[in-house]
Every structure is written in C-alpha cells, then in structure tokens.
Amino acid sequence: MKTLIAVSPCLFLFGGFVFASSLQEQNKAIARRAFEEILSGGRFELAEQLYAKDFINHGIHRNASLEEDQAALKGWHQAFPDVVIVPQKLIGEDDLVTIYWIASGTNTGTGNGLPATGKKAELAGITIWRIVDGKIKEEWSAFDQLSMMQQLGLLPAHK
C-alpha cells in the first residue's frame, strides 16, 4: 500500500508532463502550418482555421486585430510576391510557441509602403504566439527592418 501511495504522485506528475509535452508539440505543429500555408504560401483564407477571432498582435505602440495583421501580411506578399518565410527554430512552453524565422524574397511589387526595387532581401525575425484551444490568440513579433531597408537600397548601408 505504501508503494502504491508513493508511486501515484509520480504517475500523476509524469502524466502531466506527457500531456504538456503533447500540447506543446500540437502547438508547434499549428505554428509550422501557419508559417508554411499562410505566411509563406499566401493562403489567407486559412486564417479562420488557425487564428482566434479575437486575435491580437501586440505592437510596441499599438495592437493590431486579425484583420489588420492579415492586411499587413498581404502587403508583404504584394511587395515580395516570391516571399518564403521559413521557421528555423520552434520552442514550446505552456501555451506559447517561439519561432525564429528567416524570410527571403524579391521586392518586385509595392506593398506596405515599399516601392518596387527589384532587389532581393533576406531577414531574420522572432515571433511568439500564444495558442489557446488550437488557435493562435496572441502574437509578439520583431524583425530586422533596418537590414531589409538597406538591402533594398532604401536606406544607406552601415559601413
């Protein structure tokens, strides 16, 4: 009986770890899918499947709704029609997934205030998503905009 009492908490803790690990893997799979199909693939119609209706992208000075966030993403696709955004590292903890990503493309269109320069750009960024009930509910992101503007010839390169 003493053995059973001692083993029960261990099984409970191990079971909780397995559940948390499984949830983290599910959340990382959602993040991969969003990067592959929406961010890179431009399949914006899938946003309803992967994002919560009350999604918020937390900015430094103001937050953006799902509609505003997707409009900005469409703008990047207009400016860089061949854009590819590849998740390099995914880290899951609780309901958060952190993604370090690399984006590359050729600026042949206009969008998000950028003129078409015809130049290629590659940049890195980090996105943190809070995923609740299988949907992306919150976002915090940062990417190297200065490097992108320099690569496009829109700002002088640092020497």
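Our structure's up above, just so we're on the same page.
In this report, the structure presented in the accompanying data block is examined. Throughout, a residue's number is its position along its own chain's written sequence, starting from 1. Per-residue local features are limited, in this predicted model, to residues with pLDDT of at least 70; the limit for side-chain atom pairs, both in listing and counting, is 80 or more; totals at the level of whole chains, interfaces and linings are taken over all residues. Side-chain metrics rest on all non-hydrogen atoms present in the structure, leaving aside hydrogens and water.

1. Some details on the side chain of Asn57
The cut-off we apply is this: Note on conventions: DSSP H or I runs of at least 4 residues are helices, E runs of at least 2 residues are strands, and numbering of each starts at the N terminus. Under the scheme applied here, a residue whose accessible area is under 20% of the maximum for its type counts as buried, over 50% as exposed, and between as partly exposed, the area being computed with a 1.4 Å probe on protein chains only. Under this definition, polar contacts are N or O atom pairs within 3.5 Å; protein pairs additionally need one hydrogen-donor-capable and one acceptor-capable atom, and for neighbouring residues in sequence, both atoms have to be side-chain atoms. By definition, residues are in contact when any of their heavy atoms lie within 4.5 Å.
Within the element layout of this structure, Asn57 appears in strand 1 (residues 51-58). Among the residues examined, Asn57 registers a relative accessible area of 13% and is labelled buried. Reaching out from Asn57, the side chain makes a polar contact with the side chain of Glu139 at a distance of 3.1 Å. For Asn57, the residues in contact, after removing those within four places along its chain, are Arg62, Asn63, Ala64, Asp69 and Glu139.

2. Quick word on helix 3 (residues 66-79)
Since the α-helix advances by 3.6 residues per turn, residues separated by three or four positions end up pointing in the same direction. Keep this limit in mind: Residue count minus one, scaled by 1.5 Å, sets the expected span of a helix.
The first and last C-alpha atoms of helix 3 sit 20 Å apart over 14 residues, in line with the 20 Å expected at 1.5 Å per residue. Within the span of helix 3, buried status applies to Leu66, Asp69, Gln70, Leu73, Gly75, His77 and Ala79.

3. A short note on the pairing of strand 6 (residues 135-143)
We count it as follows: Any two strands between which DSSP finds at least two bridges are classified as paired.
One ladder, built from 4 bridges, connects strand 1 with strand 6; its direction is parallel. Bridging across to strand 6, Tyr51 finds its partner in Ile136. Bridging between strand 5 (residues 120-132) and strand 6 involves 8 bridges; their strand directions are antiparallel. Opposite Ile128, over in strand 6, you have Trp140 as the bridge partner. Connecting strand 5 to the next strand, strand 6, in antiparallel fashion are 2 residues, including Asp133 with a positive phi near 55°.

So yeah, pure geometry; function would need other evidence.
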